[in-house]
Amino acid sequence: MSDEWVDRDAAVVWHGFTQMGAYVDNAPLVIERAEGRELIDVDGRRYLDAISSLWVNTLGHRVPELDAALVAQVHKVAHSTLLGNGNTVVVELAEALAPLVPVDAPHFLFAADGAVAVEQALKIAFQYWANRGVEGRTRFLALGDAYHGDTIGSLSLGDGGVFSAVFDPLCFPVVRTPGYADPGWADKACAAVAAHAGELAAVVIEPLVQGASGMLCAEPADVRALGEACRAHGVLLVCDEVATGFGRTGTLFASEQCGLRPDLLCLGKGITGGYLAMSATVASTEVFDAFLGADLGPETFFHGHSYGGNALAAAVALEHLRLVEAWGVLANVRDRAAQLAELLAERITPRPGVGAVRQRGLMVGVELAPPGPGLRWGRRVCAGAVARGVLLRPLGDVVVLMPPLTITAEEIVRMVDALEGSLLEVVTA
């Protein structure tokens, strides 16, 4: 049955970040349903969703309370525009988020995915200075190894590479300083802020973890130092927490661990628990107030999307916030992260073929060290894990472990068992 579905899929669907010419040969899974933290394919095989369906799922699949919130909202209204009008459940969601986000007196501009949340932040930061009558503040500082999405603005912030090189002519230049892999990254970034303050609209960072670059990790004090430099030199700080937000690092937002109060905060992925597409750009009152003026005047932020603030997504996101608190999810993240760290140190880090293990909370990158180029160990190790019933996906030769935040102690062991078995198979082949 799976072969039939794969053929039907390849005939009509174009998958992102996927070479469709090789799609069928790579034995893709075709998922039919899910239960708890497992995905179930068309042949009834079960897989622990150890990548949280690309980092979005937080509480597991088919959560009865989230299902009920979605159904209840369907009986009210599925969507109504937020362009010039409001919706009760979106107001309730923003009210619930406001005391939780590390932003002063926040206002929320909703969208549908993380890259757009970043794009919105860029446009807001750029127009903020124009609205204040300040000339020349038109550039952005971003870090090496950064990834902020695949729209043109977010690509410009990203550090390029083979996946985006073809689009370089479309991108705008940024001030680039080293990323978290450089031990002196914070000092260099702070110096660049001081040197370029008069031309910077904003600094954009992924606090604590540069996810798509292979889970590169920073120390909270270093991230805080960059935030302090931005404040000292009057440069806006944008924190992209699309990946790190909603509990992945052990606190609701990674910025909390760094003592940051960003001017703009980008949210996505886990905001609805992995149910529906939603994101938000969160602006401080200081930033928001710069856009107040005459009706339809030049201070207006002329930006918005058709499905921004979708009511169904908002209803699920609101219930998701309640469950994170009611279920003690953050405590489970910290407990399971400690268990995972111990197992990785004992069973994975010492293994031949493993170059490094990086972890913050339940965000883990296991960097492999193949003896030569072109061996594709990352893909092969993940394929071996899938054969053992655990869904993993590599970033090159970095194997990412990013399980749902409600993962159990037994499932942590199951995940490490699959990784260890696959590593042994690939490295000794």
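Conventions we followed
- Residues numbered from 1 in each chain as written.
- Predicted model: local features only at pLDDT ≥ 70, side-chain atom pairs only at ≥ 80, totals over all residues.
- Heavy atoms only, no water.
- Helix = DSSP H or I, 4+ residues; strand = E, 2+ residues; numbered from the N terminus.
- Rg over C-alpha atoms; globule rule 2.2 N^0.38 Å.
- Buried < 20%, exposed > 50% of the residue type's maximum accessible area, 1.4 Å probe, protein only.
- Contact = heavy atoms within 4.5 Å.
- Areas by Shrake-Rupley, 256 points an atom, 1.4 Å probe, with all protein chains shown as cover.
- Lys, Arg positive; Asp, Glu negative; His and termini not counted.
- Charge placed at Lys NZ, Arg CZ, Asp CG, Glu CD.
- Pairing = 2+ DSSP bridges.
- Expected span 1.5 Å × (residues − 1).
- Axes fitted to C-alpha atoms, helices over the stretch in contact; angles between N-to-C directions.
- Parallel < 35°, antiparallel > 145°, perpendicular 65-115°, else oblique.
- Nonpolar A, V, L, I, M, F, W, Y, C, P; charged D, E, K, R; others polar.
- Patch = residues over 30% accessible without salt bridge, like charges linked within 9 Å, V, L, I, M, F, W, Y side chains within 5 Å.
- Salt bridge = Lys/Arg side-chain N within 4 Å of Asp/Glu carboxyl O.

(A) Up close: the overall build of the chain. Along the chain, the regular secondary structure elements total 14 helices and 17 strands. The globule rule puts the C-alpha radius of gyration for 429 residues at 22 Å, and the 22 Å found for the chain is close to it. Seen through its principal axes, the chain has C-alpha atoms that stretch 65 × 55 × 45 Å. Taken over 429 residues, the chain has a buried fraction of 51%. For the chain, long-range pairs separated by at least 24 residues make up 72% of all intrachain contacts whose partners lie at least 6 apart in sequence. Of the roughly 18,500 Å² of accessible surface on the chain, a fraction of 56% belongs to carbon and sulfur atoms. A distance of 3 Å separates the average location of the 31 positive side-chain charges in the chain from that of its 50 negative side-chain charges.

(B) Main features of the pairing of strand β1 (residues 31–35). Where β1 lies against strand β2 (residues 38–41), four bridges are found, and the strand directions are antiparallel. Bridge pairing links I31 to D41 in β2.

(C) Broad picture of helix α11 (residues 311–326). If you check α11, its first and last C-alpha atoms are 23 Å apart, about what 16 residues at 1.5 Å a residue would give, namely 22 Å. The element α11 is extensively covered by neighbouring structure, given that 12 of its 16 residues are classed as buried. Buried within α11 are the following residues: A311, L312, A313, A314, A315, V316, A317, E319, H320, L321, L323 and V324. Those residues of α11 that are buried lie in contact with α3 (64–74), α4 (88–97) and α12 (329–348).

(D) Examining the packing of helix α7 (residues 185–196) against helix α8 (residues 220–232) more closely. Where α7 contacts α8, the two axes come as close as 9 Å, and the packing angle between them is 5°. With respect to each other, α7 and α8 are oriented roughly parallel. Where α7 approaches α8, its residues W185, A186, A189, C190 and V193 are matched on the opposing element by D222, V223, A225, L226, A229 and C230. When the residues that make up the contact of α7 with α8 are grouped by side-chain class, the tally is 10 nonpolar, no polar and one charged.

(E) A look at a nonpolar patch on the surface. On the surface, a nonpolar cluster with roughly 510 Å² of combined accessible area is contributed by F17, Y147, V162 and F163. Classification of Y147 by relative accessible area gives partly exposed; the value is 32%.

Shape is all these values report; function is a separate question.
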